[in-house]
Amino acid sequence: MTVLDRYISREFVLTFAFVLLAFLCLYMVVDFFERIRMFLSNHATLRQIVSYHLYTVPSVTAMMMPACVLLAALITFGLLSRNHEIVAMRANGISLYRIALPVTAFAIVACAVNFLLNEFVTPAANRRAEYIKYVEVQKKKEWGAFKENQIWYKSGNAVYNFKLVSPSENRIQGVTIHHLDAGFSLVSRIDAREARWTGERWELRDVLRTTFAGPDFPSIERLPALPVEIAERPEDLQAVQKSADQMGFRELRDYIGKLRREGYDATRYETDLHGKIAFVFVSLILALIGVAFPMRSERSGGIAQGIGIGVVIGFSYWIVFAFMLSLGRSGTLPPLAAAWATNVILGIAAVVMFRKANQ
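(A) Inspection of the state of the cysteines at higher detail. Scanning the entire structure with this criterion turns up 0 disulfides. The closest cysteine sulfur to the non-disulfide-bonded C25 is located on C68, 11 Å from its own sulfur. Looking at C25, the relative accessible area reads 44%, which means it is partly exposed.

(B) Expanded view of the pairing of strand β2 (residues 150–155). Alignment of β2 against strand β3 (residues 158–166), held across 5 bridges, turns out to be antiparallel. Within β3, the residue paired with S155 across the bridge is A158. The turn linking β2 back onto β3 is made up of 2 residues, and G156 within it adopts a positive phi angle of 65°.

(C) View of the side chain of K276. For K276, the location among the structural elements is in helix α7 (residues 267–280). When near neighbours in sequence (up to four residues on either side) are disregarded, K276 contacts A244, D245, M247, F249 and L252.

(D) Region of the structure containing the packing of helix α1 (residues 3–41) against helix α5 (residues 101–137). Two elements in contact, α1 and α5, have axes whose closest approach is 15 Å; the angle formed by their N-to-C orientations is 15°. Classified by the angle between their axes, α1 and α5 sit roughly parallel to one another. Where α1 crosses over α5, the two elements pack in a sense that is right-handed. Across the interface between the two elements, D5, I8, S9, F12, V13, F16, R35, M38 and F39 from α1 touch P102, V103, F106, K133 and V137 from α5. Residues belonging to the contact of α1 with α5 are distributed by class as follows: 10 nonpolar, 1 polar and 3 charged.

(E) Region of interest: the pattern of salt bridges. Applying the stated criterion across every chain, the model contains 17 salt bridges. The partner of D206 in a salt bridge is R193, with the nearest N and O atoms 3.8 Å apart. One end of the pair, D206, is in strand β6 (residues 202–211); the other, R193, is in strand β5 (residues 186–197), with 13 residues separating them in the sequence. On the basis of relative accessible area, D206 is assigned to the partly exposed category, the value being 43%.

(F) Structural view of the pairing of β6. Here 9 bridges tie β5 to β6, and the two strands are oriented antiparallel to one another. Residue pairing in the sheet places W197 in a bridge with W202 of β6. Counting the residues that bridge the hairpin from β5 to β6 gives 4 residues, and of these G199 lies at a positive phi of roughly 110°. As defined by bridge partners, β6 adjoins strand β7 (residues 219–228) across 9 bridges and the pair is classed as antiparallel. Looking at β7, one finds that E203 is bridged to P227.

(G) Focus on the side chain of T15. On the secondary structure map, T15 appears in helix α1. Aside from chain neighbours lying at most four places away, what touches T15 is A72, I75 and T76.

(H) Representation of the packing of aromatic side chains in the model. Evaluated as defined, the whole model comprises 14 aromatic pairs. Here F12 and F106 contribute two aromatic rings whose centre-to-centre distance is 5.0 Å and whose plane-to-plane angle is 75°, an arrangement assigned as edge-to-face. With a gap of 94 residues between them, F12 in helix α1 and F106 in helix α5 connect regions that are remote in the sequence. Comparing F12 with F106 shows no difference in burial state: the two are buried. Considering the side-chain rings of F39 and Y52, the 5.8 Å spacing of their centres and the 65° angle between planes classify their relative orientation as edge-to-face. A residue pair is termed long-range when its members are at least 10 positions apart, and F39 in helix α1 and Y52 in helix α2 (residues 46–82) qualify at 13 residues. Note on accessibility: F39 and Y52 belong to one class, buried. Clustering of aromatic rings is evident, with ring pairs tying together F279, Y317, W318 and F321.

How each quantity is defined
- Residues numbered from 1 in each chain as written.
- Predicted model: local features only at pLDDT ≥ 70, side-chain atom pairs only at ≥ 80, totals over all residues.
- Heavy atoms only, no water.
- Disulfide = S-S within 2.5 Å.
- Buried < 20%, exposed > 50% of the residue type's maximum accessible area, 1.4 Å probe, protein only.
- Pairing = 2+ DSSP bridges.
- Helix = DSSP H or I, 4+ residues; strand = E, 2+ residues; numbered from the N terminus.
- Contact = heavy atoms within 4.5 Å.
- Axes fitted to C-alpha atoms, helices over the stretch in contact; angles between N-to-C directions.
- Parallel < 35°, antiparallel > 145°, perpendicular 65-115°, else oblique.
- Left-handed = near helix turned anticlockwise from the far one by under 90°.
- Nonpolar A, V, L, I, M, F, W, Y, C, P; charged D, E, K, R; others polar.
- Salt bridge = Lys/Arg side-chain N within 4 Å of Asp/Glu carboxyl O.
- Phe/Tyr/Trp six-rings, centres within 6.5 Å; stacked < 30°, edge-to-face > 60°.

Here's what the structure looks like:
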């Protein structure tokens, strides 16, 4: 690294660390006061409160890292422009591409760190945070387990198996119920395409009931619908059903493959899978915007204005990205297009602005 690279890197990294720490502190304070009533009403201990917020740090860090890269680049190059250091560098024949190389390299590292966080740290931390919230604090029953990409739990004389749970849709897909006698012998088995919450109870749809009575062959009965006693309500299922945020890329990919093989609609999870990869590259795109905007504003209206416009564009990414993902999850757009459309549009804009700033 040259002296110039070390100088720009030091200024950028220090600014990035300060912005990230400030964002984390602000988020923790806001999140604490939003949840304080829930903690107090459930008599949560200080250890539970602190543990819950500590386990949310990895996901918050991964979520805020692109914004911190953007702000750090805007501030660093804004100060360099204000002090005419960019002018001095370019007067010595150094292009904007070369000046921005340390920030670009850091953004690539940030992309890799973001992926590793989301793959190996964030899923486990999110699961632990959810466990503390639902089981330890709200005292909800730990009634099941998510194993082999399925949910299993036992209640009374029955063992339940669910393939896919959608609490937001009040629906469970791929329901299998095994009824056992006192000696743990199988008495009957119920297989249903799905179960829907009617507001008071669960109702199975497209049911196949097999009864094992005596030494004869089992009796099989098909029913269009069948009420079933499942004590848990849709909101209770969130404590055991893994969301996309609680699975790494490989685990989510395997889960989607299993759902496809068993004939279930995995569109929502496919969109989230592509979204995980698309989000990783946001840091690089926003770094280019963060470098280009101070150059533009130096010629057309002040550094503060450039930083303000750059921040608006950067944070608008999350709004558009979330909207596109919702279209993909609903099936309105193909999952791949929904996840990458925002990156493509913003990436083109970033390249155009960067090239104009270098002219």
